[in-house]
Amino acid sequence: MNAVSLLCDIIGQAGKVAAQAYRDDARYGALLDAGLLQGDGLVQSVLCESCDVPHDAEIVFEGGSYGYFCPDLGLVSVERADLVAVRPDLAALVEHLHAAFECQPGGISQLGPQTWRVGLVDTPGGRAVVYFHTCLQTDDDLVSLGNALRAEIRRDYVLVVSAAGQLPYRDASICNLAEMVQVDLGAARLRKIVSVAEAVGAPPRPTGGRPSVYRERLHSLLADRVAQGVAEDGRNAEADAVLAAYVARFPHDPAPSRVTVQRSVSKFRTGS
Ligand SMILES: [Zn+2]
């Protein structure tokens, strides 16, 4: 249960959302505690589910209480508490990410409406720059990212963390926010699941050869799946299947992270 997946869901809605839908979700409280969500007045419309045809309805304030008009039911009253809205605090999120990825001091900057520079991280293979971009689902999202990064200094590695969608962008590594960090419940902060070095594919520090074991085993599993005609078309779907196959075949060995498997799928497919 990663509360960050709920945050991704809310960021993907690109605006304020009614808190009422989430009040009973433990993940919602964790996000509030960490300052990743903030109150933002009241919602302006609701979905009427009281009649036969669900419809959106604008909130009105009549006779000292809140409600909306339904064509079937007339004026339907709504508790004020059910209209409280929250929105993601993206500036707070970026501060959290900066700390979680152990970036060098400073460097946080908003570069565009959807884009922040989170900071710089030294990896064994060179310097990586980390960006947060809200969504990578449409061509407009890619244009917005391109505009924001136009004046940025080129680094050895580029990591773009996004809350929704993983459209490819130039030679940046794209990772989903919920796959990179989770909420550390006791401390009300974010903790990394995957390091920046791993996410960008920087050469690992010498640790006794485990990365090359992963690489060889994953390559062999991927080749087997192609030979058997069971390889998935989608990179992420194939990575999930290969990770499951890895765990099944080597149940007593540590498993590679999902990001490592995704990268193996990409490398296998491009022959690099
Ligand atoms: Zn209705």
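Preceding block: the structure.
Definitions and cut-offs
Residues numbered from 1 in each chain as written. Predicted model: local features only at pLDDT ≥ 70, side-chain atom pairs only at ≥ 80, totals over all residues. Heavy atoms only, no water. Donors = N, O, S within 2.8 Å, 3.2 Å for Na, K, Ca; no water. Tetrahedral: all angles 85-135°; square planar, octahedral: opposite > 155°, others 65-115°. Buried < 20%, exposed > 50% of the residue type's maximum accessible area, 1.4 Å probe, protein only. Helix = DSSP H or I, 4+ residues; strand = E, 2+ residues; numbered from the N terminus. Contact = heavy atoms within 4.5 Å. Salt bridge = Lys/Arg side-chain N within 4 Å of Asp/Glu carboxyl O. Pairing = 2+ DSSP bridges. Axes fitted to C-alpha atoms, helices over the stretch in contact; angles between N-to-C directions. Right-handed = clockwise from strand over helix to strand, strands pointing away. Core = buried A, V, L, I, M, F, W, Y, C linked by side-chain atoms within 4.5 Å. Domains from an automatic or database assignment.

**Looking at the coordination of the zinc ion**
Next up, step 1: Donor atoms from the polypeptide that coordinate the zinc ion comprise Cys48 (SG), Cys51 (SG), His55 (NE2) and Cys70 (SG), at 2.1 to 2.3 Å from the metal.
Next up, step 2: Coordination geometry of the zinc ion: the four donor atoms subtend angles of 103 to 120 degrees at the metal centre, consistent with an arrangement described as tetrahedral.
Next up, step 3: When the donors of the zinc ion are listed by position in the chain, the intervening gaps give C-x2-C-x3-H-x14-C. The exposure classification of Cys48 matches that of His55, with both residues buried.

**Observations regarding helix H4 (residues 139-149)**
Next up, step 1: Looking only at H4, the buried set comprises Asp141, Ser144, Leu145, Gly146, Ala148 and Leu149.
Next up, step 2: Of the surrounding secondary structure, the elements contacted by the buried residues of H4 are strand S10 (115-123), strand S11 (126-135) and strand S12 (157-164).

**Notes on the pattern of salt bridges**
Next up, step 1: According to the stated counting rule, one finds 13 salt bridges in the structure shown.
Next up, step 2: Measuring nitrogen to oxygen at the nearest pair gives 2.8 Å for the salt bridge that ties Asp82 to Arg23. Of the two residues, Asp82 sits in the loop between strand S7 (74-78) and strand S8 (84-88) while Arg23 sits in the loop between strand S1 (17-18) and helix H2 (26-33), which places them 59 residues apart along the sequence.
Next up, step 3: In this structure, the salt-bridge partner of Arg127 is Asp122, at a minimum N-O distance of 3.3 Å.

**What about the sheet that holds S7?**
Next up, step 1: Pairing is antiparallel across the open sheet formed by three strands, whose spatial order is S5-S6-S7. With one partner strand each, in any of the chains shown, strand S5 (60-62) and S7 form the two edges of the open sheet. On average, adjacent strands in this sheet sit at an angle of 50 degrees to one another, irrespective of strand direction.
Next up, step 2: Bridge count between S5 and strand S6 (residues 65-70): three bridges; the pairing is antiparallel.

**Focus: the pairing of S12**
Along any regular strand, the residues point their side chains to alternate faces of the sheet.
Next up, step 1: For S12, a buried count of eight out of eight residues is recorded, marking the element as mostly surrounded by other parts of the structure.
Next up, step 2: In this region the chain leaves S11, passes through H4 and returns to the parallel neighbour S12; the handedness of that crossover is right-handed.
Next up, step 3: Of the strand pairs in this sheet, S12 and strand S13 (residues 173-176) are connected by four bridges, and their pairing is parallel. Of the residues in S13, the one forming a bridge with Leu159 is Ser173.

**Thoughts on the nonpolar core**
Next up, step 1: In this structure, Leu93, Phe132 and Leu177 are the most contacted members of the largest nonpolar core, which totals 48 residues.
Next up, step 2: Of all the elements, helix H1 (residues 3-12) adds the most residues to this core, at seven residues.
Next up, step 3: Inspection of this core shows a minimum of three residues originating in each of domain 1 (3-88) and domain 2 (90-200).
Next up, step 4: Counting residues in hydrophobic clusters, the runner-up holds 13 residues, among them Cys48, Ala57, Ile59 and Cys70.

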